[in-house]
Amino acid sequence: MFRTVSSAVTFRGVGLHCGLPVAATVESAPPGAGLTFRCGADTRAIPARHDFVVETRYRTSLGNADGAHAGTVEHLLAALCSCGVTDASVILDGPEVPALDGSAADFARGLIRARFCDAPGTRRAIRILEPVFVHLDGRSAALLPAPRPEMHFTVRYDDPAIGSQTRSITLTPQSILAELIDSRTFGLLSDVETLRGMGLVRGGGLDNAIVVDRGRVLNAGGLRHPDEFVRHKMLDAVGDLALAGAPIIGRYVGFKAGHEVTNLLLRRLFDQLSAWRWCEAPEYLDTAQPLEAPTVRALPVPAAV
């Protein structure tokens with residue numbers, strides 16, 4: 001089954017890195033067209049594929065030979081995956097997708113409210129046949145054979161507000177919505193000025209990111225999950241893995257992995273022809289059953305460590 005949006009839906013907010021007001025409009029696309037981004041309605045489309053990634057420093061950004069650039073696409077891609085959307089055109093009026101609340105929950109809610117249009121057809125999936133690994137500066141990621149799409153992720157930070165967190169999940173549209181979709185991006189207060197000097201996180205704040213400082217979560221509302229940090233990294237990986245162009249039937253294992261490592265993993269996968277094959281996407285990845293808009297949860301602010 002193929003799925004697109006029944007009507008266009010626009011998301012407006014501030015770009016996390018550019019700090020400018022930006023909007024992203026998700027429009028319908030024909031079955032089999034895939035996911036694409038446009039930097040203005042009249043520009044050539046950029047396919048949402050791993051080989052069109054041009055930036056992986058604190059975000060995933062796409063570009064094409066025309067010089068068009070679509071920045072910070074990972075959260076919207078994760079929301080599209082969580083809603084089972086296979087075909088859509090995203091039109092940006094600025095340099096990046098808006099941050100909204102720093103998670104993918106508002107994207108998913110908007111898509112669900114816009115409703116979907118399903119079309120019959122056979123979707124392809126990528127079945128992992130043999131392990132593929134990437135190791136880079138103490139970070140790593142792997143794709144391993146498994147009967148279903150799965151993810152196992154570990155984060156490890158010196159700040160005791162984060163520490164070491166590990167989580168595993170079987171990846172379906174429903175599980176992404178239930179377990180990952182509302183987990184927000186995060187950073188260390190000590191890194192903010194350095195990043196802004198690099199031209200990054202100029203639109204970042206406590207309304208669209210978790211900020212931690214020496215064992216304390218600075219956001220007044222606290223965390224939405226005790227392990228929100230690893231959940232957010234998993235959400236990022238869902239969006240980055242969507243750039244394979246088809247669901248992956250296998251187990252993704254990430255250790256301190258980010259956008260760069262996951263993109264390198266996809267490039268290595270497609271270079272290693274013996275490691276994968278095309279197959280028919282299993283029915284449990286279809287979303288014929290109604291989807292529920294995610295509910296944002298909040299927990300008390302944890303005590304300082």
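Just above, that's the structure.
Residues numbered from 1 in each chain as written. Predicted model: local features only at pLDDT ≥ 70, side-chain atom pairs only at ≥ 80, totals over all residues. Heavy atoms only, no water.

1. Some points on the environment of Asp118
Piece 1. Checked against the element boundaries, Asp118 lands in strand β10 (residues 116–119).
Piece 2. Placed 82 residues apart in sequence, Asp118 and Leu200 show a C-alpha to C-alpha distance of 38 Å.
Piece 3. Setting aside chain neighbours within four positions, we find Asp118 in contact with Met1, Phe2 and Arg3.
Piece 4. Polar side-chain contacts of Asp118 include one of 2.7 Å to the side chain of Arg3. (Helix = DSSP H or I, 4+ residues; strand = E, 2+ residues; numbered from the N terminus. Contact = heavy atoms within 4.5 Å. Polar contact = N/O pair within 3.5 Å; in protein donor to acceptor, adjacent residues only side chain to side chain.)

2. Side note on the packing of aromatic side chains
The way to describe two aromatic rings as a pair is by their centre distance and the angle between their planes.
Piece 1. Following the criterion strictly, the structure yields 6 aromatic pairs and no others.
Piece 2. Taking 5.0 Å as the distance between ring centres and 85° as the angle between the ring planes, the aromatic pair formed by Phe186 and Phe229 counts as edge-to-face. In this pair, Phe186 is assigned in strand β16 (residues 186–188) and Phe229 in helix α5 (residues 228–241), connecting sequence segments 43 residues apart. For the residue pair Phe186 and Phe229, the accessibility class agrees, reading buried in each case.
Piece 3. Centroid distance Trp276 to Trp278: 5.4 Å. Interplanar angle 90°. Geometry classified as edge-to-face.
Piece 4. Residue Trp278 is classed as partly exposed on the basis of its relative accessible area, which comes to 34%.
Piece 5. The structure contains a cluster of three or more aromatic residues connected by ring pairs, namely Tyr157, Phe186 and Phe229. (Phe/Tyr/Trp six-rings, centres within 6.5 Å; stacked < 30°, edge-to-face > 60°. Buried < 20%, exposed > 50% of the residue type's maximum accessible area, 1.4 Å probe, protein only.)

3. As for helix α6 (residues 259–271)
Piece 1. With 13 residues, α6 ought to run about 18 Å at 1.5 Å a step, and its terminal C-alpha atoms sit 18 Å apart, in line with that.
Piece 2. Taken together, the buried positions of α6 are occupied by His259, Val261, Thr262, Asn263, Leu265, Leu266, Leu269 and Phe270. (Expected span 1.5 Å × (residues − 1).)

4. Focus: the sheet that holds β16
Whether parallel or antiparallel, the strands of a sheet pair through hydrogen bonds between backbone atoms.
Piece 1. Strands sit in the order β16-β17-β18 across an open sheet of 3 strands; the sheet is mixed. The outermost strands of the open sheet, each flanked by one partner alone, are β16 and β18 (216–217).
Piece 2. Strand direction decides the pairing type here: strand β17 (residues 210–213) and β18, joined by 2 bridges, are antiparallel. Pairing of Val212 across the sheet is with Val217, part of β18. (Pairing = 2+ DSSP bridges.)

5. Looking at the pattern of salt bridges
Piece 1. Tallying each qualifying case throughout the model produces 15 salt bridges.
Piece 2. One salt bridge in this structure joins Glu150 and Arg251, with 3.1 Å as the shortest N-O distance. A residue pair is termed long-range when its members are at least 10 positions apart, and Glu150 in strand β14 (residues 150–156) and Arg251 in strand β20 (residues 251–255) qualify at 101 residues.
Piece 3. Between Arg184 and Glu228 there is a salt bridge, with the nearest N and O atoms lying 2.8 Å from each other. Here Arg184, found in the loop between α3 (173–179) and β16, pairs with Glu228, found in helix α5; they are 44 residues apart in sequence, far enough to count as distant.
Piece 4. Classification of Arg184 as buried rests on a relative accessible area of 8%.
Piece 5. On the basis of relative accessibility, which here comes to 0%, the residue Glu228 falls in the buried class.
Piece 6. Ionic contacts of the salt-bridge type, sharing partners, join the residues Arg167, Glu179, Asp227 and Arg231 into one network. (Salt bridge = Lys/Arg side-chain N within 4 Å of Asp/Glu carboxyl O.)

6. A closer look at the packing of helix α1 (residues 74–82) against helix α2 (residues 105–114)
Piece 1. Here α1 crosses α2 at 45°, and the two axes come no closer than 8 Å. Accordingly, the angle class assigned to the pair α1 and α2 is oblique. Both α1 and α2 take part in a crossing whose hand is right-handed. Contacts between α1 and α2 involve His75, Leu76, Ala79, Leu80 and Ser82 from the first element and Phe107, Ala108 and Leu111 from the second.
Piece 2. The residue makeup of the contact of α1 with α2, split by class, is 6 nonpolar, 2 polar and no charged. (Axes fitted to C-alpha atoms, helices over the stretch in contact; angles between N-to-C directions. Parallel < 35°, antiparallel > 145°, perpendicular 65-115°, else oblique. Left-handed = near helix turned anticlockwise from the far one by under 90°. Nonpolar A, V, L, I, M, F, W, Y, C, P; charged D, E, K, R; others polar.)

7. Observations concerning the sheet that holds strand β9 (residues 88–92)
Piece 1. The 5 strands are arranged β2-β3-β9-β4-β5 in an open sheet whose pairing can be described as mixed. Lying at the two open borders of the sheet, with one neighbouring strand each, are β2 (9–14) and β5 (46–47).
Piece 2. As judged from the 5 bridges shared by strand β3 (residues 21–28) and β9, these two strands associate in the antiparallel manner. Its bridge partner lying in β9, Glu27 is registered against Ser89.

8. Here we look at the state of the cysteines
Piece 1. Enumeration according to the criterion identifies 0 disulfides in this entry.
Piece 2. Not engaged in a disulfide, the cysteine Cys83 finds its nearest cysteine sulfur in Cys81; these two sulfurs lie 9.5 Å apart.
Piece 3. For Cys83, a relative accessible area of 0% translates into the label buried. (Disulfide = S-S within 2.5 Å.)

9. Some words on α2
Piece 1. Counting buried positions along α2 gives 8 out of 10 residues, so the element sits mostly inside the fold.
Piece 2. When we look at burial in α2, the residues that qualify are Ala105, Phe107, Ala108, Arg109, Gly110, Leu111, Ile112 and Ala114.
Piece 3. Positive phi appears at Arg115, one or two residues downstream of α2, with a value of about 70°.

10. Observations regarding the packing of α1 against α5
Piece 1. For the pair α1 and α5, interaxial distance at closest approach is 7 Å and the crossing angle is 80°. In terms of orientation, α1 and α5 fall into the roughly perpendicular class. Along the contact surface, α1 presents Glu74, His75, Leu77, Ala78 and Cys81, while α5 presents His232, Leu235, Asp236, Val238, Gly239 and Asp240.
Piece 2. Among the residues making up the contact of α1 with α5, the classes are represented as 5 nonpolar, 3 polar and 3 charged.

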